[in-house]
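A structural walkthrough
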Amino acid sequence: MKERRKAEMINVDGATKVLGVIGNPVEHTKSPLIHNELAKRFGHNLVYVPFLVKEQIGDAIQGADALGIHGLNVTIPYKEDILSKAKEVDSLTAKIGAGNTLVRIEQGFKAYNTDIPGLLRAMKSDGVEIKGESVIIIGAGGAARAVALMVAMEEAKEIIICNRTMEKAENIAKEVNAYVNDKVAKACSYNNILNLEGSQYLAIQATSVGLSPDIDRSPIEDEAFFDKIHTAYDIIYNPDNTKFMQMATAKGKKSYNGLKMLLYQGIIAYELWNQVEITEEIANEIYGILKVSCE
Ligand code: NAP
């Protein structure tokens, strides 16, 4: 009955544009909620659906082109693969080395990364500044690498990348320094993080530690770390209050989760597909719906 009510909300006809998300897995995606709600608000005749792509990503993109799919989001494990499959790649996306959005162009699709501008817009909306800040990035996977480039572009004063596998943190620091032609970034091990001087860091948590169902863990378990920071920004949104965030709050520090990043990456993709500008008022409405769906 619940499923039927959902289906009745969308009036599909011969002119309906189809968009979707491709990845594996896609069962738990929140993206259909974001895009179908936006379509309702704008009165756009489109429908957004999940497509499970088990492995043939090239075939999936070619097929989507042939079917006239209007646009796609791309999630794990294909964020890097799509750069070689798309007809064009946006320049920032090429630099980041991973994309999450395919926008229709004359001959196929152009790849964009909306995760990073999405995180930036989320931080702005939360009132978290980057310019001139000393930033600790925890993690050195795909998301952390993109976050490191973003905070460098936003003119952070210093960037410390802390990761279990030191070599990955060192590689990102080198890449960031080459990009900004400065020695703004350095790697740091978990063992040395408490030796950092200073007590006013912005910490961005970009590992998968603490992600549901692993909710009782934080990548840094020593509470003394939280004396060194003023804000804990966790890009995980499930659970909504991660252990990392709880430990920061316990020390009276500000904490934020990654739900707004998810919201704004979707909003920027929707803007690219449909040439509209989404106001903060609409963004807040969709955020409210997303929050309820996570409860
Ligand atoms: P990834 O490339 O697989 O990187 C995983 C990171 O977590 C690496 O730094 C890894 O360290 C670290 N890690 C994993 N298990 C660990 C452990 N037991 N102890 C210490 N470190 C550990 O993943 P990703 O794509 O960067 O994603 C990272 C997180 O960001 C995920 O939780 C994802 O849900 C979240 N995310 C959120 C959004 C959003 O819209 N809010 C968007 C993208 C990603 P090693 O390098 O040492 O293995």
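Worth saying up front: this structure is predicted, and the values here are computed from it rather than measured.

**A word on the sheet that holds strand β3 (residues 71-74)**
Here six strands make up an open sheet; going across it, the order is β2-β1-β3-β5-β6-β4 and the pairing mixed. Single-partner strands in this sheet number two, and they are β2 (46-52) and β4 (88-89). Each of β1 (17-23), β3, β5 (101-105) and β6 (108-112) is contacted by helix α3 (residues 57-66), which is oriented at about 120 degrees to β6, the strand it contacts most.

**What about the site of the ligand?**
Not every one of the 21 residues close to the ligand is listed here, only the nearest: A143, N163, R164, T165 and K168. In the environment of the ligand, an oxygen atom lies 2.9 Å from a nitrogen or oxygen atom belonging to the backbone of A140. About the coverage of the ligand: the protein hides 75% of its 930 Å² of free accessible area. Of all the secondary-structure elements, those providing two or more residues to the shell around the ligand are α7 (142-153) and α10 (259-274). For the shell around the ligand, the per-class residue count stands at ten nonpolar, eight polar and three charged.

**So, unusual backbone geometry**
Omega for the peptide link from N24 to P25 comes to 5 degrees, which places this bond in the cis form. Relative to the helices and strands, P25 is located in the loop between β1 and α2 (31-42). With omega at 15 degrees, the peptide bond leading from N238 into P239 counts as cis. Positionally, P239 belongs in the loop between β11 (229-234) and α9 (243-250). Within the chain, Q275 stands out as a residue other than glycine whose phi angle is a positive 45 degrees. Locating Q275 in the fold gives a position in the loop between α10 and α11 (280-294).

**With respect to the packing of aromatic side chains**
Tallied over the entire structure, the rule returns six aromatic pairs. Both rings, one in F225 and one in F226, keep their centres 5.1 Å apart while their planes meet at 85 degrees; by these two values the pair is edge-to-face. For F225, a relative accessible area of 0% translates into the label buried. We classify F226 as buried; its relative accessible area is 0%. Ring pairing ties together the aromatic residues F225, F226 and F244, which thus form one cluster.

**Considerations on the confidence of the model for the chain**
On average, the chain scores 94 in pLDDT, and the residues at 70 or more come to 97%. In this model residues 1-5 is a low-confidence stretch, pLDDT under 50, and it forms zero contacts with partners more than four residues away in sequence or in other chains.

**Remarks on the side chain of K253**
Of note, K253 is situated in the loop between α9 and β12 (254-256). The side chain of K253 is buried and forms no salt bridge, while D227, the nearest opposite charge, is found at 4.9 Å. Polar contacts involving the side chain of K253 include one to the main-chain carbonyl oxygen of F226, which spans 2.9 Å. If we skip the residues at most four places from it in the chain, K253 touches F226, D227, I229, H230 and A248.

**Regarding the nonpolar core**
Counting 58 residues, the largest nonpolar core has M123, V151, I159, I161, V176 and I204 as the members making the most contacts within it. No other element matches the nine residues that α10 contributes to this core. Setting aside its immediate chain neighbours within four residues, V151 contacts I130, V135, I137, A156, I159 and I204. If you look at the next biggest cluster of nonpolar residues, it comprises 17 residues, including I138, C162, Y201 and A248.

**A word on the packing of α10 against α11**
At their nearest, the axes of α10 and α11 sit 10 Å apart, and the two run at 130 degrees to each other. Taken together, the axes of α10 and α11 lie oblique to each other. Seen along the crossing, α10 lies across α11 with a hand that is right-handed. For the pair formed by α10 and α11, the contact residues are L259, K260, L262, L263, Y264 and I267 on the first element and E280, A283, I286, Y287, L290, K291 and C294 on the second.

**Examining the pattern of salt bridges**
Applying the stated criterion across every chain, the model contains 13 salt bridges. Its salt-bridge partner being K40, residue E37 comes within 3.3 Å of it at the nearest N-O pair. A residue pair is termed a helical-turn pair when its members lie 3 or 4 positions apart in one helix, as E37 and K40 do in helix α2 at three residues. On the accessibility criterion, K40 (44% relative accessible area) is partly exposed. Each of E37, K40, R41 and E285 takes part in salt bridges that share partners, so that together they form one network.

The rules we used
- Residues numbered from 1 in each chain as written.
- Predicted model: local features only at pLDDT ≥ 70, side-chain atom pairs only at ≥ 80, totals over all residues.
- Heavy atoms only, no water.
- Pairing = 2+ DSSP bridges.
- Helix = DSSP H or I, 4+ residues; strand = E, 2+ residues; numbered from the N terminus.
- Contact = heavy atoms within 4.5 Å.
- Axes fitted to C-alpha atoms, helices over the stretch in contact; angles between N-to-C directions.
- Near = heavy atom within 4 Å.
- Polar contact = N/O pair within 3.5 Å; in protein donor to acceptor, adjacent residues only side chain to side chain.
- Areas by Shrake-Rupley, 256 points an atom, 1.4 Å probe, with all protein chains shown as cover.
- Nonpolar A, V, L, I, M, F, W, Y, C, P; charged D, E, K, R; others polar.
- Phe/Tyr/Trp six-rings, centres within 6.5 Å; stacked < 30°, edge-to-face > 60°.
- Buried < 20%, exposed > 50% of the residue type's maximum accessible area, 1.4 Å probe, protein only.
- pLDDT = per-residue confidence, 0-100.
- Lys, Arg positive; Asp, Glu negative; His and termini not counted.
- Salt bridge = Lys/Arg side-chain N within 4 Å of Asp/Glu carboxyl O.
- Core = buried A, V, L, I, M, F, W, Y, C linked by side-chain atoms within 4.5 Å.
- Parallel < 35°, antiparallel > 145°, perpendicular 65-115°, else oblique.
- Left-handed = near helix turned anticlockwise from the far one by under 90°.

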